[in-house]
Amino acid sequence: MAAPSSATDTGIISLRELIDFIAHVADCYPEITKDFPQQLMDILSQHHLILQAELREKIVGSLVLLRKKELLDSATLLQTLFPILISTPSKTLRALLFQKILMDLRSSNAKSTNHKLNRTMQTVLYNLVTSDRTSSKGLWAIKLTRELWKRQIWTDAKAVEVMKEASLATNEKVIVGGIRFFLGGDKEREEMEDESSDEEAIDMGRVKHIIGINKKTKKKARAVEKARATVKRRERKKNQPHPLNFSALHLLHDPQGYAESLFSKHLQSTKSKLNLDQKLLVLQLVTRLVGLHKLHIMHLYSYFQKYLTPRQPSVTSFLASLAQASHDLVPPDDLEPLVQKIANEFVSEASAAEVASAGLNAIREICARQPLAMNETLLQDLVMYRKSKDKGVVMAARGLLSLFRELNPEWLKRRDRGKEASMGLRSGEKKEKRFAEQAAGGIEGIELLEQWKEEERRKKRAEKGLPSDAEDAEEEEEEDNWDAWNVEEDEDSDDSDGWIQVQSDAEIELSDSDDDDEDSKRPKKKAKSDEETAAETAAKATTEESEAQKELDQKLSLAATRILTPADLAKLQELRTEAAVNALAGVKGRQSASNRHHDDPLTAEEIEGLAALSAGKATREERIAHAKEGKTDRAEHKSVTAKRKEKKDAQGKSTTNKEKARKKNFLMTLGKAKSKNKRSLVQTRAVLKAHQERAKRGGRRGNTGN
């Protein structure tokens, strides 16, 4: 302690060995070594800058050993090591201290959550971030909190508050660290959980049977594996024992205030020192908060106006952020100008295919969250791009078409609605959603269970030889009628040869009186119709309400009329898994954008579509060159004949008569072929006998003079 830098090498080695020895036997002599931990902490705190590196590491290791022997509590150890971590210039010492602090916090929360220690440490980190917002020392608070969050040691709102304050700092590195935590911390936690958890038993045979394995391809195999992993992760998330394992974005205390602070401080402010990529990260977080918590921030949507142009760098990220910021509570007046600008700037005949597909994908994602941002004229214009020559544009336009077939088929032309949407409009199931209208709740996937039960009921009736239900016959008859219906008919024909409205039987009144003339009858009929108009409207509304109620009762019939047994619940879970696998593996078409969960982030690759997939593909020449790089010399794999030919060529020798005959011109061999056909039987026998004799001699022709 008096002169730590003037000790000799021999003295340092002996001191290091003594410290190690005492640390190992300290629990056997508690009275003698009661001051030993404090002495080590004093040496490390006061002279860590000038101590020899190995001695410094030995002191740190001895303190951790004393903590394991419970001669030192965790709070005291952390209060000693953490100030050194944020102040020492030694990179090796920082790595060692970070590892020991993390290990101590993990061991302290191994058996049960140590709330007192966690609160103390979180308070220290919170004060570190908020005390000096311009300093880069807050990075250690970010690293420690992110690692503990990933390992699910800290899962409470206090840890989220630490990262929230970090993202509101002034130092660029601290800001980006806090922003990246909110954008990727939950995904890291899920990946860590996937790695640490045991493999669950999944019937891969059934999954492959669902997919269909008539033709085995690598693409289909990858789809099966991806679907299996995703469904497994979702099931594990549902069955987690911890009920409060929320996402970091859900644990924020004041999402509205936090989003407004981020937007005003880092995006709107002219004093912000962030570059474009860093601002994009902030914008992604702000829009995630807006979409997830359904917030409304003034001037957010007008902020996008200057960035929505194909010449803007990273424009697909801006489009993805705009789609994330859309939800059903955003006024359509805010989004409609942006959708119109995207259509004008990106989607046109003169635009490149990648630009047009990105614009259509962005419009589809916006309308999936707020359908009222679209208008009927623009929609019909955009849907026409499904006839483009580029595959990416075609897929994007078809995605927009299928979306509005689900959400609002009335805006589409009759020939574009499709059979299901047209039937839904006729029955009243498909109708325009009003602003801020919320869907009614229910049991997820109950219609799958009801459909399965109906199919089982039909199978049993067919096995017994009983006829199907009358309702089934009616449904089949109605489907046949719809098959015969011409869906290609355009709605423009309604003006000329459309429906003719006639009066019902109730409106026609017959009179037996011969005294009434036509002049007296006409005003009576008109007055009669005027009086009944209100009654007819009310009756029609009542009929529509009753039909809607009947449809709702039919949908909820299984859940409302009987109690689901454990077998029903197990089958329901199986049907959900099957539907999820089908949707993810692409068996029944791609998953519609309206079914996307709004908690899921939207990436720029999803906006780019096929362009993102083809951007990383190499040309044919590059693929051939890459394939040749990995191949070895193929000389040793040649045939014996090819090797002999190479040897003869190298020696300068000519080819054999057999090889020359094989390459001889056809016209030169024509005369010999004709002479062979003119041989008599005696000549043929002589030639064959000579051939056999030559074969006995080894194939060599003798100079016999023949």
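Residues numbered from 1 in each chain as written. Predicted model: local features only at pLDDT ≥ 70, side-chain atom pairs only at ≥ 80, totals over all residues. Heavy atoms only, no water.

1. Observations regarding a positive patch on the surface
Then comes step 1: The grouping of K218, K219, R222 and K391 at the surface amounts to a positive patch.
Then comes step 2: Ranked by the residues each element gives to the positive patch, the list is headed by helix α11 (residues 218-238), at three residues.
Then comes step 3: With respect to the helices and strands, the residue K391 is situated in helix α19 (residues 391-407).
Then comes step 4: Exposure remark for K391: the relative accessible area of 60% places this residue in the exposed category. (Patch = residues over 30% accessible without salt bridge, like charges linked within 9 Å, V, L, I, M, F, W, Y side chains within 5 Å. Areas by Shrake-Rupley, 256 points an atom, 1.4 Å probe, with all protein chains shown as cover. Salt bridge = Lys/Arg side-chain N within 4 Å of Asp/Glu carboxyl O. Lys, Arg positive; Asp, Glu negative; His and termini not counted. Charge placed at Lys NZ, Arg CZ, Asp CG, Glu CD. Helix = DSSP H or I, 4+ residues; strand = E, 2+ residues; numbered from the N terminus. Buried < 20%, exposed > 50% of the residue type's maximum accessible area, 1.4 Å probe, protein only.)

2. Section: the pattern of salt bridges
Then comes step 1: Per the counting criterion, the structure on display carries 16 salt bridges.
Then comes step 2: Two residues, D27 and K69, come together in a salt bridge whose shortest N-O distance is 3.7 Å. Taken together, the residues span a long stretch of sequence, with D27 in the loop between α1 (9-25) and α2 (36-47) and K69 in the loop between α3 (53-68) and α4 (74-87) at a distance of 42 residues.
Then comes step 3: Salt-bridge contacts for D416 lead to R386; the nearest nitrogen and oxygen are separated by 2.8 Å. Within this pair, whereas D416 is found in helix α20 (residues 414-427), its partner R386 is found in the loop between α18 (376-383) and α19, the two being separated by 30 residues in sequence. Judged on exposure class, the residue D416 and its partner R386 are both buried.
Then comes step 4: Bridged by salt links that share partners, the residues E147, K150 and R151 form one connected network.

3. Examining the nonpolar core
Then comes step 1: If you look at the biggest cluster of nonpolar residues, it comprises 121 residues, and the most contacted ones within it are L144, F182, L300 and M374.
Then comes step 2: A per-element tally of this core places helix α13 (residues 276-293) first, with nine residues.
Then comes step 3: Ignoring any residue separated from it by four or fewer positions in sequence, one finds F182 in contact with V160, M163, K164, S167, A248, L249, L252, Y258 and L285.
Then comes step 4: Among the nonpolar cores identified, the runner-up in size contains five residues, and I446, L449, L564 and L575 belong to it. (Core = buried A, V, L, I, M, F, W, Y, C linked by side-chain atoms within 4.5 Å. Contact = heavy atoms within 4.5 Å.)

4. Here's the deal with the packing of aromatic side chains
Then comes step 1: In total, this model carries nine aromatic pairs according to the counting rule given.
Then comes step 2: Measuring from ring centre to ring centre gives 5.7 Å for F182 and Y258, while their planes differ by 50°; the resulting arrangement is tilted. In this pair, F182 sits in helix α9 (residues 172-196) while Y258 sits in helix α12 (residues 255-268), placing the two residues 76 residues apart along the sequence. Each of the two residues, F182 as well as Y258, counts as buried. (Phe/Tyr/Trp six-rings, centres within 6.5 Å; stacked < 30°, edge-to-face > 60°.)

5. A look at the side chain of S357
Then comes step 1: Checked against the element boundaries, S357 lands in helix α17 (residues 353-369).
Then comes step 2: Taking the relative accessible area as the measure of exposure, S357 reaches 4% and is therefore buried.
Then comes step 3: When near neighbours in sequence (up to four residues on either side) are disregarded, S357 contacts G392, V393, A396, I607 and E608.

6. Considerations on the confidence of the model for the protein
Then comes step 1: Per-residue pLDDT for the protein has a mean of 79; in total, 74% of the residues score no lower than 70.
Then comes step 2: Here residues 484-498 scores under 50 on pLDDT; set against residues more than four positions off or in separate chains, the count is 16 contacts.
Then comes step 3: The low-confidence segment residues 587-595 (pLDDT under 50) makes 17 contacts with residues lying over four places distant or belonging to another chain. (pLDDT = per-residue confidence, 0-100.)

7. Focus: the packing of helix α6 (residues 115-131) against helix α7 (residues 138-150)
How two helices pack is summed up by the angle between their axes together with the distance between the axes.
Then comes step 1: Close contact between α6 and α7 brings their axes to 8 Å; oriented N to C, the two are set at 145°. The two elements α6 and α7 meet at a crossing, and its hand is left-handed. For the pair α6 and α7, contact is made by M121, L125, L128 and V129 and by G138, A141, L144 and T145, respectively.
Then comes step 2: Class assignment of the residues belonging to the contact of α6 with α7 gives a composition of six nonpolar, two polar and no charged. (Axes fitted to C-alpha atoms, helices over the stretch in contact; angles between N-to-C directions. Left-handed = near helix turned anticlockwise from the far one by under 90°. Nonpolar A, V, L, I, M, F, W, Y, C, P; charged D, E, K, R; others polar.)

8. Description of the side chain of S90
Then comes step 1: Within the secondary structure, S90 is located in the loop between α4 and α5 (91-108).
Then comes step 2: A polar side-chain atom of S90 sits 3.2 Å from a polar atom in the side chain of T92. (Polar contact = N/O pair within 3.5 Å; in protein donor to acceptor, adjacent residues only side chain to side chain.)

9. Examining helix α30 (residues 640-651)
Then comes step 1: For α30, which comprises twelve residues, the first-to-last C-alpha distance of 17 Å matches the rise-based estimate of 16 Å (1.5 Å per residue) to within 8%.
Then comes step 2: G652, located one to two residues past α30, shows a positive phi value of around 85°. (Expected span 1.5 Å × (residues − 1).)

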